[in-house]
Number of protein chains: 2
Amino acid sequence: MSYSQEIRGQEDRDLSAVFARAAEPVNLLKAQRQENTLYGFLRPLDHAEDLPAIECLAATIRYGRNDVVVLGTGGSSLGAHALVALKKNRFSHNNQYPRIHFPDNLGPDSMDALLSELDLAHTHFLIISKSGGTAETLAQMMACLAAVKEMLERVQNGRQLSEYFTVIVEPGDNILRRFANRWRLPIFDHAKDIGGRYSALSVVGLLPSAIAGLDIRETRRGARDVLMNCLETENIEDIPAAIGAATIYHCAEEGMNINVLMPYECRLDMLARWHQQLWSESVGKAGKGTTPVRALGPVDQHSQLQLYLDGPNDKFFTFITTNMNGKGPVIDDKLASDPELGYMSGRTIGDLVAAEARATMEALSRHNKPVRQIKLERLNEYSMGALIMHFMLETIIGAHLFDVNAFDQPAVEEGKVLTRQYMEWGRRMH
Amino acid sequence: MSYSQEIRGQEDRDLSAVFARAAEPVNLLKAQRQENTLYGFLRPLDHAEDLPAIECLAATIRYGRNDVVVLGTGGSSLGAHALVALKKNRFSHNNQYPRIHFPDNLGPDSMDALLSELDLAHTHFLIISKSGGTAETLAQMMACLAAVKEMLERVQNGRQLSEYFTVIVEPGDNILRRFANRWRLPIFDHAKDIGGRYSALSVVGLLPSAIAGLDIRETRRGARDVLMNCLETENIEDIPAAIGAATIYHCAEEGMNINVLMPYECRLDMLARWHQQLWSESVGKAGKGTTPVRALGPVDQHSQLQLYLDGPNDKFFTFITTNMNGKGPVIDDKLASDPELGYMSGRTIGDLVAAEARATMEALSRHNKPVRQIKLERLNEYSMGALIMHFMLETIIGAHLFDVNAFDQPAVEEGKVLTRQYMEWGRRMH
C-alpha cells in the first residue's frame, strides 16, 4: 500500500471488544461485495468505465480556458478542492492547465471580487449540487450567469452561454436541473446513491482534478487498492481503517472528544478540511461522535502545541507525514554561519520540517498523548486516492462503533427551513 | 462601542461567583493603570507616539513595490494577517498598495513556488521574530536572501540588498539581529515586553497593515475604546470581555471543552485563526483550558452544523456577524423565477447570508446550545481593533479563571530541543 500507519500510546489497552464490533461493518462490506450491492461510492472502484467520459469532458472544458470556477458547497467542493490542492505549489498561470477556483463561502462582495479579476471570456463555471437546491450555490450561479451574459453582449464573440457552464446534479426534477434546462446548460449526472461527502472519487471530485491535469486513474487506483486490502484482509486488526476507527472510539470513551488531524505538508491542508466534514456529518449525531480539528505543521507548532502538550487530555492526534528528508533548497552554510544555526547548516528545508514533525510526535508521546502517524512514501494522485478511501472506510466503521447512521444528516434541515422563513419575512418588510 | 454582545442559553445560570473572580484581573488592570505599569501590549494604547514612525516606514517600504512578503511564524504573523485580511476582497494588483503575502507554513517547495511567481526587483521582505531564533522564519529568510542576491547580481540595477529587507526583532544579542547586522539590513525593535501573541496592535501587526493601506490610527482607536471601557466600567457584568470569559469558564466546568468561533464573513476567517493561537497558548496549560475551533459561515453550515446541532453537548459557540442586510448583488428575479427560488428573488446576497447566520444561531438555541453573538455595526479598521482588544482582554480574564499564567508557554520548548537533536543526528548521518 502507499501508506503505513502507526499508533503510539495505546500499547497497554485491550481493544479486542472494540475490534470485534469494528469487524461487523467490514464483514457487511465483504458480503455486499459478494452480492454486488456495495454502496454507490464504492462501486465505481471495481471498474473504470466512467473515467473516459470524465477525461473527455475535462479536455473540452479546459480547452482555451485560463480559469475554471467550481461552484459547490460542502461535499460538492471539498473533495475536489482537496485533490486539486496537490497541484498548488507547482501551479502557475503559465501552466498548460487552467487555474481552479473554489469560492465556497458566500459573501456579499467575494463573488464580485473574483468575477472582476477573471478574464470571463476564457473562464468556465462548473456548478455542482447533488440535490440541486443548495441556496449558496444557486445564488453564486445566478451572479456568474448574469456576469457572463453581460460579457457576451459586450464582446460579441459569437459564443453561447452554454459554452461557459457545466452542471453536475442528480437526475429527476430539481431547481438546478430546471435552471440548466431553461438556459440550455450541459448537464452531467450526479449519482443518486452517492452522498455529497462521499463523492470525492466520483465525477464530483475527479472532473475538477482532470481539468487541473491530475491523473484520475491513479487516484482511483490508490483508492481501489485500499478498498481491496480492506475487503480481502482476514484479520480485522490488520486493516488500518479499522484500527484507526477502533482507537478513536476507545479514546472517545475515555473522554477524548477531539480528534486533531495535522498534516506536515501545505498541500494536505484541504484534505484535513475535507476530512473534518466527512467525520462531522457522518458521526456527529444523536449526542454522539467526536469533533475533528484540523491543524497544519509545522506552523501550528507555534499556535497549538502548548495546548496540545500541556492542556486537557482530551485529544487523539493523527499526523500525516511525507518523505521530506533531503527535499527542497539546501540551507546555505555561508548564510547559516552563525554558531546557533549550526544545526541547520547544509541541511534542507525538508530535513527541518521532517525533524519538526518527528519532534512534535515524540514530545506528545512523552506527555502520554495518543498519537497516530500516517506515513506516505510519496504525495501524488495515487496516495491521495488511498488517503481518501482510508478515511471514508474509517468513518463508516467509526459510525458503526458510535452506533449512528454514517449516511444521513438529520439535523441540518431545521436551519434551512429557518433561513427561508427569515428571507420571506425580510421580503415582506421590503 | 463598535460591537455588541449577546449570550443565549445561560439565562438560568447563576454566574455571580465566577463574575466575582473575573473582577480580580480587571481590578488588577485598573490598579496597574493608576501606577502606570500596564502590560506592554496595553501601554501604547494610551498614546500614539509610535504611529508616525510606523507610517513613515510603511510608506518607504511600499514605494515602488508590487509585493511585500511577511516572514513570521505564529504570533509574528497571525495578527498582521488577520488585520490585512480586511483588504482581501477589495484587493487587486492594480491597486495603489502592494499585495501582502504570509507564507507562514514552512515546506520544501512552497517558498520556491512563491519566489518564482514574484517580481523580486519590486518585492520587499519583512522578517519578524521576537526572539530572533525561530527556525522556520530564519530558514525562509535565508532562502529569500539567496534569491534576492542572485537577482541583484543578474539585473545589476544598482540597488543594495538592504533595500529589500526589513527586520523586526527584540533588542539584545540574538541570531536574527546578528544576521541583520552582518548583511546591513535595517532593524526595527520588537518591544521586549510584548509577547508574540499579544503583539497585533504593535509594530508587528500595524506595519503590514499600514503597508497594505489600512488606517492604523483607527485600529488603535477601536482597541483603545474597548480597553478604556473595560478600565472605566464599575460593574464587572457590564464588561463584554468579562462576560465572555466567565461564560466560557462556566461552560467548561460543565464539560464544554470546545469553543467554536464562527464569523459569517470571509474577511474574519484569519481573525479566528489569530484567536485560536491567542487562546490556546495563553489558557491551555497545566491540564486546563479549552480548545478553540474556527469555523466560517455560511460554508461550515454544510460541513459542521450536523455535529454542532446534534453531536455531543461539548461546545460553546461564538458567532461574529456584520450588518449585511441589503449588501451585495441583488438576486435577479428573472433568473430566480423558479417558484422554489421565490424566497431569494429580489433579495441580496447579504440578505441571504444574514438570514443564514440568524437561522443557525436560532437552531442551536432551540437545541439548548450556549450561543454568543458578537455583532459589528461595520467591519473596518476601528472594529477590527476593537475585536482584537476584546479577545485579548477575554483571554487574560479567562486565564485568571482557569488559574494559569496568560503570558508563558512552558511546554513548547521540549519540541524545539528535540527538533535540533534530530537535525544534528541527520547531519552526522550525511
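With an unreviewed UniProt entry as reference, chain A is termed Glucose-6-phosphate isomerase, source organism Emcibacter nanhaiensis. Recorded in UniProt under Catalytic activity (unreviewed entry), the annotation for chain A is "alpha-D-glucose 6-phosphate = beta-D-fructose 6-phosphate".

K.L.:
Got a sec to walk through the interface of chain A and chain B? Specific residues and values, please.
P.N.:
Contacts between chain A and chain B engage 113 residues on the former and 113 residues on the latter. Both faces considered, chain A and chain B share a buried interface measuring about 9,800 Å² in area, 60% of it formed by carbon and sulfur atoms. In this structure, the connection of chain A to chain B is made through six salt bridges. Measuring nitrogen to oxygen at the nearest pair gives 3.4 Å for the salt bridge that ties Asp109(B) to Arg267(A). For the interface between chain A and chain B, the tally reads 37 residue pairs in polar contact (both at pLDDT 80 or more).

K.L.:
Explain the sheet that holds strand β4 (residues 123-128) of chain B residue by residue, including any values.
P.N.:
The strands making up a sheet associate through backbone hydrogen bonding, with each pair oriented either parallel or antiparallel. Residue and element names in this part refer to chain B. Taken in spatial order, the five strands make up an open sheet running β3-β2-β4-β5-β6, and their pairing is parallel. Of all the strands in the sheet, just β3 (99-101) and β6 (187-189) have a single pairing partner and so form its edges. Within this sheet the neighbouring strands show an average axis-to-axis angle of 20 degrees, counted without direction. In the packing of helix α5 (residues 135-155) onto the sheet, the strands contacted are β2 (67-71), β4 and β5 (165-169), and the crossing angle to β4 comes to about 155 degrees.

K.L.:
Break down the domain arrangement of chain A for me, citing the residues and quoting the values.
P.N.:
Residues and elements named next belong to chain A. By the assigned domains, chain A splits into domain 1 (3-30 + 218-401) and domain 2 (43-214). Between the C-alpha centres of domain 1 and domain 2 the distance comes to 30 Å. Contact with domain 1, which involves 27 residues of that partner, is made by 26 residues of domain 2. Contact between domain 1 and domain 2 buries roughly 2,400 Å² in total, counting both sides, with carbon and sulfur atoms accounting for 65%. Among the residues domain 1 hides against domain 2, the three largest losses belong to Arg220, Arg267 and Met270. Together they make up 33% of the total. At the junction of domain 1 and domain 2, the tally comes to three salt bridges. The partner of Arg197 in a salt bridge is Glu281, and the shortest N-O contact between them spans 3.7 Å.

K.L.:
Give me the relation of the copies chain A and chain B: which residues, what numbers.
P.N.:
The transform that puts chain A on chain B rotates by 180 degrees and translates by 0.0 Å along the axis, for an RMSD of 0.0 Å. Viewed as a symmetry operation, the transformation between the two copies matches a two-fold axis. Ranked by how close their C-alpha atoms come to the rotation axis, the residues of chain A are headed by Val293(A), at 3.4 Å. In this assembly, 100% of the residues forming the interface of chain A have copies in chain B that are likewise at the interface, indicating an isologous arrangement.

K.L.:
Please provide a residue-by-residue account of the sheet that holds strand β8 (residues 291-294) of chain A, values included.
P.N.:
Residue and element names in this part refer to chain A. Strand order in this open sheet of five strands is β1-β10-β9-β7-β8, and the pairing throughout is mixed. The outermost strands of the open sheet, each flanked by one partner alone, are β1 (3-8) and β8. In this sheet, adjacent strand axes meet at a mean angle of 20 degrees when their direction is disregarded. Bridge count between strand β7 (residues 258-263) and strand β9 (residues 315-322): six bridges; the pairing is parallel. Paired with Leu261 across the bridge in β9 is Thr318. On the sheet, helix α12 (residues 349-366) packs against β1, β9 and β10 (371-376) and is oriented at approximately 160 degrees with respect to β9.

K.L.:
Please give an account of helix α4 (residues 110-117) of chain A that cites residues and values.
P.N.:
Turning to α4(A), its buried residues are Ser110(A), Met111(A), Ala113(A), Leu114(A) and Leu115(A). Looking at the buried side of α4(A), the elements it contacts are β2 (67-71), β3 (99-101), β4 (123-128) and α5 (135-155) of chain A.

K.L.:
Can you tell me about the nonpolar core, naming the residues and giving the values?
P.N.:
Nonpolar side chains tend toward joint burial in soluble globular proteins. In terms of nonpolar packing, the biggest core is built from 135 residues, with Phe165(A), Tyr308(A), Met344(A), Phe165(B), Tyr308(B) and Met344(B) touching the most fellow members. Ignoring sequence-local partners within four residues, the contact set of Tyr308(A) consists of Val260(A), Met262(A), Val293(A), Ala295(A), Lys315(A), Phe317(A), Leu364(A) and Lys369(A). In this structure, Ile7(B), Ala210(B), Met389(B) and Val404(B) belong to the second largest nonpolar core, which totals 91 residues.

K.L.:
A description of the packing of helix α1 (residues 16-34) of chain A against helix α8 (residues 216-232) of chain A should follow, citing residues and the corresponding values.
P.N.:
Residues and elements named next belong to chain A. At their nearest, the axes of α1 and α8 sit 9 Å apart, and the two run at 105 degrees to each other. Between α1 and α8, the angle falls in the class roughly perpendicular. Contacts between α1 and α8 involve Val26, Leu29, Lys30 and Arg33 on the former and, on the latter, Met228, Cys230, Leu231 and Glu232. A class-by-class count of the residues in the contact of α1 with α8 yields five nonpolar, no polar and three charged.

Reading the values: the criteria
- Residues numbered from 1 in each chain as written.
- Chains lettered and ligands numbered in written order.
- Predicted model: local features only at pLDDT ≥ 70, side-chain atom pairs only at ≥ 80, totals over all residues.
- Heavy atoms only, no water.
- UniProt positions renumbered as here; feature names shortened; annotations may be inferred.
- Contact = heavy atoms within 4.5 Å.
- Buried area = accessible area lost by both parts, 1.4 Å probe.
- Salt bridge = Lys/Arg side-chain N within 4 Å of Asp/Glu carboxyl O.
- Polar contact = N/O pair within 3.5 Å; in protein donor to acceptor, adjacent residues only side chain to side chain.
- Pairing = 2+ DSSP bridges.
- Helix = DSSP H or I, 4+ residues; strand = E, 2+ residues; numbered from the N terminus.
- Axes fitted to C-alpha atoms, helices over the stretch in contact; angles between N-to-C directions.
- Domains from an automatic or database assignment.
- Least-squares fit on C-alpha atoms with pLDDT ≥ 70 in both.
- Buried < 20%, exposed > 50% of the residue type's maximum accessible area, 1.4 Å probe, protein only.
- Core = buried A, V, L, I, M, F, W, Y, C linked by side-chain atoms within 4.5 Å.
- Parallel < 35°, antiparallel > 145°, perpendicular 65-115°, else oblique.
- Nonpolar A, V, L, I, M, F, W, Y, C, P; charged D, E, K, R; others polar.

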